[in-house]
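# Close look at the chain arrangement
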Amino acid sequence: MIFLEDKIWFSPLNVIHHFRELENKLSDKEKSSKGFRKAEEMYSVALMLVGIIKSQNREYWLQMVDDKSSSPDVKTGTYQQKEGAKIPDFTIQDVEVVDFDENSPEKSLTDFLKRTKLSNTKKSYDSLTTILCRVKSNIHLPSFNQMNQELKSTTFTGLVMILGRISVDEEKPVYKIAQIHPTVDLITKFNVLDELLNKKYNGVLSLKRATTFSTEYRAEEKHFPFEKISFAD
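Residues numbered from 1 in each chain as written. Predicted model: local features only at pLDDT ≥ 70, side-chain atom pairs only at ≥ 80, totals over all residues. Heavy atoms only, no water.

### A short note on the packing of helix H1 (residues 12-25) against helix H3 (residues 34-56)
At a closest axis distance of 9 Å, the pairing of H1 and H3 adopts a crossing angle of 145°. Considering only the axes of H1 and H3, their crossing is left-handed. Contacts between H1 and H3 involve Pro12, Val15, Ile16, Phe19, Arg20, Leu22 and Glu23 from the first element and Phe36, Ala39, Glu40, Met42, Tyr43, Ala46, Leu47, Leu49, Val50 and Ile53 from the second. Looking at the contact of H1 with H3 residue by residue, the class counts come to 14 nonpolar, no polar and 3 charged. (Axes fitted to C-alpha atoms, helices over the stretch in contact; angles between N-to-C directions. Helix = DSSP H or I, 4+ residues; strand = E, 2+ residues; numbered from the N terminus. Left-handed = near helix turned anticlockwise from the far one by under 90°. Contact = heavy atoms within 4.5 Å. Nonpolar A, V, L, I, M, F, W, Y, C, P; charged D, E, K, R; others polar.)

What follows is the structure, given as structure tokens:
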């Protein structure tokens, strides 16, 4: 097992619950802070994972990257049993989050991505990075296959996911995710409340480094998913 500096990982349900609590108790000034924006990014990754868990029927976990770090925004992890291995491996993926809305200079989501996260002249991300693009308003998008073709010219070898809410009903918060690069995959529509009610895990996972694979799930773990960040400017 690889060495993990931070052994505490949170379930998507834990993150979503605590983010909603933050929204209710923070002031408008605190909500405009860099810290709150980082918390919102983690919340969006948690939503994406709810869809992926539904699609793959496999649990995922996530953790906030230290507030002092500019990249990545969030890390996700899942257990994978590799061929020939006696114990499952905890594989980690970096996630960078970016927003696309009506205020973006480009009208095309793929042009927006090419200028920002997928720019060949800016920071290059490796194949273990996922770019999550949140579509934050009612914007008409072309087909997933068309967007996939439009991203073929990029040199990025990781995954590009998009996430958007497709229902305005607060009692039925329906979201949709899709992988649009390098292939079209993971197209999943889900009611986040329905999915979370069926979740097996709602707390944290503590990974232990040992000669054998060792984990401990703690439903009552006294950790907070946003404990690494500050909500003051």
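More follows now that the structure is in view.
### Quick notes on unusual backbone geometry
The omega angle of the peptide bond from histidine 181 to proline 182 is 5°, so this bond is cis rather than trans. Looking at the element boundaries, proline 182 is found in the loop between strand S7 (174-181) and strand S8 (185-191). Look at asparagine 57: it is not a glycine, yet its phi comes out positive at around 55°. Tracing the backbone shows asparagine 57 in the loop between H3 and strand S2 (61-64). Phi angles above zero are rare outside glycine, and leucine 186 is one such case at about 55°. You can see leucine 186 is positioned in strand S8.

### With respect to the pairing of S8
Two elements, S7 and S8, share 5 bridges in a ladder whose sense is antiparallel. Bridged to glutamine 179 within S8 is aspartate 185. Counting the residues that bridge the hairpin from S7 to S8 gives 3 residues. (Pairing = 2+ DSSP bridges.)

### Topic: the packing of aromatic side chains
Across all of its chains, the model carries 8 aromatic pairs by this definition. Ring geometry for phenylalanine 100 versus phenylalanine 112: centroids 5.3 Å apart, planes at 45°, classification tilted. Of this pair, phenylalanine 100 sits in strand S4 (residues 89-100) while phenylalanine 112 sits in helix H4 (residues 109-115), and the two are 12 residues apart along the sequence. In this structure, phenylalanine 100 and phenylalanine 112 share a single accessibility class: buried. Taken together, a centroid distance of 6.1 Å and an interplanar angle of 20° make the contact between tyrosine 175 and phenylalanine 190 stacked. Separated by 15 residues along the polypeptide, tyrosine 175 in strand S7 and phenylalanine 190 in strand S8 bring together distant segments of the chain. Of the two residues, tyrosine 175 and phenylalanine 190, both sit in the buried class. (Phe/Tyr/Trp six-rings, centres within 6.5 Å; stacked < 30°, edge-to-face > 60°. Buried < 20%, exposed > 50% of the residue type's maximum accessible area, 1.4 Å probe, protein only.)

### Some thoughts on the confidence of the model for the chain
Predicted confidence across the chain gives a mean pLDDT of 86, with 88% of residues reaching 70 or more. When mean pLDDT is compared element by element in the chain, helix H5 (residues 144-150) scores highest at 98, while strand S10 (residues 214-218) scores lowest at 52. A low-confidence stretch, residues 209-214 (pLDDT under 50), is modelled with 9 contacts involving residues beyond four sequence positions or located in other chains. (pLDDT = per-residue confidence, 0-100.)

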